Amino acid sequence: MNGYFCKECNHRKWLYEWLKINFCFYCKKKTPNNVNITVSDKVSIKDNVRIKIKRKGFKKFVIETISGWFSSVNPRLNKGVNITRTIDKEKKWYDHVVKDANTGEIIHEEHEPLDEHKSKKSKN
């Protein structure tokens, strides 16, 4: 609780806190004031996970899954995005879903065979 309190009896000095007087009406004497101020903050934690499953007969991995929260450079997406991406080389399938972390609206979605999927990164 914020405000001015009696240093001896710890009762609030309600009536004259704007005057900052030293008289306490509860213990009926002049006492120093204690000033209480409460400050709080909120911290939220976000995470992401990347899993790779390797198997003999495949060069790098068989299944790769990325899931979780990622920051975004787009000012419209200031709360970041939730991404779920799965690359399955055994089943030859690619899934990718990007959602706005604030509204849950789907921004980008791909579900296609892996041989039809084209990477968005330029190959120089």
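Description of the structure in this document. (Residues numbered from 1 in each chain as written. Predicted model: local features only at pLDDT ≥ 70, side-chain atom pairs only at ≥ 80, totals over all residues. Heavy atoms only, no water.)

1. Examining the sheet that holds strand β9 (residues 106–113)
With antiparallel pairing, the 5 strands of this open sheet are ordered in space as β5-β6-β7-β8-β9. For this open sheet the edge positions go to β5 (48–53) and β9, each flanked by a neighbour on one side alone. Neighbouring strand axes in the sheet, compared pairwise and without regard to direction, differ in orientation by 5 degrees on average. Here strand β8 (residues 93–100) runs beside β9; their pairing, made up of 7 bridges, is antiparallel. Paired with Val 97 across the two strands is Glu 109, which belongs to β9. (Pairing = 2+ DSSP bridges. Helix = DSSP H or I, 4+ residues; strand = E, 2+ residues; numbered from the N terminus. Axes fitted to C-alpha atoms, helices over the stretch in contact; angles between N-to-C directions.)

2. So, the environment of Glu 116
In this structure, Glu 116 sits in the segment after β9. For the pair Glu 116 and Tyr 94, spaced 22 residues apart in sequence, the C-alpha to C-alpha distance is 9.1 Å.

3. With respect to the pairing of β8
As paired elements, strand β7 (residues 81–88) and β8 share 8 bridges and run antiparallel to each other. Along β8, the bridge assignment pairs Thr 84 with Val 97. A loop of 4 residues connects β7 with β8, the two strands running antiparallel in sequence, and Lys 92 in this loop sits at a positive phi of about 55 degrees. Hairpin connection from β8 to β9: 5 residues lie between these consecutive antiparallel strands, with Gly 104 at a positive phi of about 85 degrees.

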